[in-house]
Amino acid sequence: MRSTRRLLGVAVAGSIAMSLLAAAPAGAAGGAKATLNVVHGIPGADVNVCVNGAEAISDFNPGEVVKGVKLPPGSYDLKVVAASDDCADPAVLEADGIRLKEGRNYTAVAHLKANGAPTIGLFRNDMSEVGEGRARLIVRHTAAAPAVDLWANGAILGEGLNNGETFTAVLPRGVYAAWVSLPGDYRPVIGPDVLKLRRGHTYQVYAWGNGTDGYDLAVVPARSGVK
């Protein structure tokens, strides 16, 4: 597992929100905001992220996460450029017309398809409350890899998860050793990683990477019931 992963927290998210608000869709005002998280899941590429033509995230490194950015609902154009470039330079990746709806929680992930081609995926997150003493685990396959099985504390959680697919489970709070294996095999190909699931929280876990640079897990934690 890499030790260089970094979660860009509330202060950074606040500064990003200010830059994004300047680039918000025309007419967007008032009402419940949408929440956007961003995950960088492409190995070997330090990038800048532009939204509606304005730089929103600078020097974004593989495995890093930005969480909890509040934005007016509307349509946004995302553009990813090399970290040495600005928003006027050619894109590494683009996704136009990403629609964020009022009061909903989303995660945009720059990642690799199963065949290794880069893409941007937008996922909607279930942030509803969970039962007493429990936590929600959301696992998404965003790595250049075939279908995989999911494990926690030696027991299989889900089988045959394909690239771009999501697995969700509500589990008792606690500490879990989590990993990913090839179908029908027990041995980890991603992980194991230790996840401490706190009660009343939702954890998004993204399997990312490729066979050349290696695989890793990126985690986005948030309190359930808060959109």
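Preceding this paragraph is the structure being described.
Residues numbered from 1 in each chain as written. Predicted model: local features only at pLDDT ≥ 70, side-chain atom pairs only at ≥ 80, totals over all residues. Heavy atoms only, no water.

## A word on the overall build of the protein chain
For step 1, the next point in the chain: Regarding its fold elements, the protein chain presents one helix and 17 strands.
For step 2, the next point in the chain: Classification of the 227 residues of the protein chain by burial places 47% in the buried group.
For step 3, the next point in the chain: Intrachain contacts of the protein chain at a sequence separation of at least 6 include 63% that bridge at least 24 residues.
For step 4, the next point in the chain: Of the accessible surface of the protein chain, which amounts to about 10,300 Å², a share of 52% is contributed by carbon and sulfur atoms. (Helix = DSSP H or I, 4+ residues; strand = E, 2+ residues; numbered from the N terminus. Buried < 20%, exposed > 50% of the residue type's maximum accessible area, 1.4 Å probe, protein only. Contact = heavy atoms within 4.5 Å. Areas by Shrake-Rupley, 256 points an atom, 1.4 Å probe, with all protein chains shown as cover.)

## What about the sheet that holds strand β6 (residues 74-82)?
For step 1, the next point in the chain: Spatially, four strands are ordered β4-β3-β6-β7 in an open sheet, and the strand pairing comes out antiparallel. Each edge of the open sheet carries a strand with a single partner, namely β4 (54-60) and β7 (93-100). Here the strands of the sheet are splayed against their neighbours by 20° on average, with no regard to which way each runs.
For step 2, the next point in the chain: Of the pairings in the sheet, the one linking strand β3 (residues 47-51) to β4 comprises four bridges and is antiparallel in character. Looking at the pairing, V49 lines up with I57 of β4. (Pairing = 2+ DSSP bridges. Axes fitted to C-alpha atoms, helices over the stretch in contact; angles between N-to-C directions.)

Any link to function would need more than the numbers given here.
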